[in-house]
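Coordinates in review
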Amino acid sequence: MLYWGTPPNSGPCFKKFPKFCCPRQRLYPPNLAGQCINKETQRKTKRVNNSQSVASSNSKAAMMDREDGGGGGGGGPTATPRPRKGMGLRTWLVVSESGQSRVEEVGKHVIMRRTGLPARDLRVLDPLLSYPSSILGRERAIVINLEHIKAIVTAKEVLMLYSTNPLVVQFVQDLQHRISSLQALSTQQAGERDEMEREDKAEANLSGPSQHTLRRRASISSNERKDDAPETSVVAGPKVLAFEFRALESCLESACRCLDSETRTLEEEAYPALDELTTKISTLNLERVRQIKSRLVAINGRVQKVRDEIEHLLDDDNDMAEMYLTEKLNASKEEVSDEDDDRSENNSQNFTSFKPNVEELEMLLEAYFAQIDGILQKLSDMSEYVDDTEDCINIMLDDTQNQLLQMGVLLSAANMILNAGIVVVGLFGMNIHITLFDAPTIKFWQTTC
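Bear in mind that the values here come from a model prediction, so they are computed numbers and not experimental data. (Residues numbered from 1 in each chain as written. Predicted model: local features only at pLDDT ≥ 70, side-chain atom pairs only at ≥ 80, totals over all residues. Heavy atoms only, no water.)

1. Structural notes on the overall build of the chain
Within the chain, the secondary structure is distributed over 13 helices and eight strands. Pairs at least 24 apart in sequence give 62% of the contacts found in the chain among residues at least 6 apart. (Helix = DSSP H or I, 4+ residues; strand = E, 2+ residues; numbered from the N terminus. Contact = heavy atoms within 4.5 Å.)

2. Focus on the pattern of salt bridges
Evaluated as defined, the whole model comprises 22 salt bridges. Note that Arg257 and Glu253 form a salt bridge whose closest N and O atoms lie 3.7 Å from each other. With Arg257 and Glu253 both in helix H7 (residues 243-279) and four residues apart, this pair spans about one turn of that helix. With relative accessibility at 34%, the residue Arg257 sits in the partly exposed group. When the shortest N-O distance is used, the salt bridge between Glu276 and Arg288 registers 3.2 Å. Within this pair, whereas Glu276 is found in helix H7, its partner Arg288 is found in helix H8 (residues 283-315), the two being separated by twelve residues in sequence. Glu276 gets classed as partly exposed once you look at its relative accessible area, which sits at 35%. Assessed through its relative accessible area of 34%, Arg288 is described here as partly exposed. Shared partners join several salt bridges into a network, and the residues in it are Asp174, Arg178, Glu249, Glu253 and Arg257. (Salt bridge = Lys/Arg side-chain N within 4 Å of Asp/Glu carboxyl O. Buried < 20%, exposed > 50% of the residue type's maximum accessible area, 1.4 Å probe, protein only.)

3. Let's talk about the pairing of strand S6 (residues 142-146)
With five of five residues buried, S6 is to be regarded as a mostly interior element. Alternating positions in S6 separate into two faces, Ile142, Ile144 and Leu146 on one and Val143 and Asn145 on the other, with burial throughout. As paired elements, strand S5 (residues 134-137) and S6 share four bridges and run antiparallel to each other. Its bridge partner being in S6, Ser134 is matched across the sheet by Asn145. The hairpin turn running from S5 into S6, its antiparallel successor, is four residues long. When S6 meets strand S7 (residues 149-153), the two strands line up antiparallel, connected through five bridges. (Pairing = 2+ DSSP bridges.)

4. So, the packing of aromatic side chains
In this structure the tally under the stated criterion is two aromatic pairs. Ring geometry for Phe245 against Tyr324: centres 4.8 Å apart, planes inclined by 85 degrees, an arrangement best described as edge-to-face. With a gap of 79 residues between them, Phe245 in helix H7 and Tyr324 in the loop between helix H9 (317-322) and helix H10 (325-339) connect regions that are remote in the sequence. As far as burial versus exposure is concerned, Phe245 and Tyr324 are alike and both buried. Aromatic pair Tyr271 and Tyr385: ring centres 5.0 Å apart, planes at 70 degrees, arrangement edge-to-face. With Tyr271 in helix H7 and Tyr385 in helix H12 (residues 359-428), the pair connects residues that are 114 residues apart, well separated along the chain. (Phe/Tyr/Trp six-rings, centres within 6.5 Å; stacked < 30°, edge-to-face > 60°.)

5. A closer look at the UniProt feature "transmembrane region" (unreviewed entry) in the chain
Mapped onto the present numbering, the UniProt feature "transmembrane region" (unreviewed entry) falls at residues 404-428. Between the first and last C-alpha atoms of residues 404-428 the distance is 36 Å; the span itself is 100% helix and 0% strand. (UniProt positions renumbered as here; feature names shortened; annotations may be inferred.)

6. Quick word on the sheet that holds S6
What the six strands build is an open sheet, ordered S4-S3-S8-S7-S6-S5; its pairing is antiparallel. With one partner strand each, in any of the chains shown, strand S4 (101-107) and S5 form the two edges of the open sheet. Between one strand axis and the next, the sheet turns by 20 degrees as a mean value, whatever way the strands run. (Axes fitted to C-alpha atoms, helices over the stretch in contact; angles between N-to-C directions.)

7. Overview of the nonpolar core
Judged by nonpolar contacts, the single largest core of 59 residues is most densely connected at Val158, Leu361 and Leu365. Ranked by the residues each element gives to this core, the list is headed by H7, at 14 residues. Not counting residues up to four positions away in its chain, the partners in contact with Leu365 are Leu248, Leu252, Ile310, Leu313, Leu314 and Met320. (Core = buried A, V, L, I, M, F, W, Y, C linked by side-chain atoms within 4.5 Å.)

8. What to know about the confidence of the model for the chain
Note: predicted coordinates in regions of low pLDDT should not be interpreted at a detailed level. Per-residue confidence for the chain gives a mean pLDDT of 75, with 60% of residues at or over 70. Here residues 12-28 scores under 50 on pLDDT; set against residues more than four positions off or in separate chains, the count is 35 contacts. A low-confidence stretch, residues 224-237 stays under pLDDT 50, and its non-local contacts, those more than four residues away or across chains, total 20 contacts. (pLDDT = per-residue confidence, 0-100.)

Below, the structure is given as structure tokens:
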């Protein structure tokens, strides 16, 4: 018995029983009716469920967009959806020029727009990649990769990858202390300068400048001529460095302190181990010396790279000039203000030929170059001591080998003499009749001896 129906042309019953499920007759056997109808119902239900899940996900996304937009402020612009966590975001520790630190979670492109650095310079700071120590001066930032320090220094702030390394935490504390102390000093000097200017104005309005004021002005002008910098403090005291140089000095100091600490620790372990090896040559002492030499080679390479980087900066004045971020920022501001006064042509020429006096930075780098050179000299002395110990051990081993060779020669000579006697005894022990056997006994012993 057949039933009327509308089974699909490509259904399972059509493929298995084409003659019973002809689309032209629209008939199918009763044992396949339930199977076709159930499969068709399942496909329809699946399509409906998919459409409902898509609609619900779209509604949830729309609700999240409205929440991010601050509750929908009456036809305002739609807020962009938040970036997913982990999609190129990293945690950065930012230290401002006032000494305050904060943690920010931003992406790579935000850092590139903020500092003006290309992507290849940011790869230097990637902790997953192994890059040698380097100091790169760019238009708006300085990229520093020294040992445990991976930082970007601008004219207003320092950006570092957030880390719980104790060395990094100590460096951040030292940086904040240095910036805060120098900031207070610069504020005090600026206050004294303003006070002196007010006193000079008051005296000029009353009866002209006094002798004391004239002497103070003369001392100030002489100090300014000596320093040869317009932003130098006019009162007696230390010269305040620019923010980027204070940050650079903190980085160099932290790196040198870390390398010096590792060098002193290695010295405390190396010299006793080498002295013990000269007194007693054993497998344990040889293994200790081998590990110490491996550490020595590794530290020597790191110190040498830092020294070469500082030496490269000292040899190139253009690289040092690129690191004057504050002066370049002030020069650009002056250029913009002068363009408003219709003097852009002369100022653009001056700005393109902007070359600051690099003596200040050169003195800073030379101080740390001498310090890192001293550390390298300690490592060189230690390496020479290791080489001398190896030479001493080789001499001791050669002497022992010579003694063994001498003993071998003596044993060989004794063995040869013994073999000669054995030959004579063997000859007389042969069953051959000779006239000597018939001789008296005394002749036998005479011949044997």
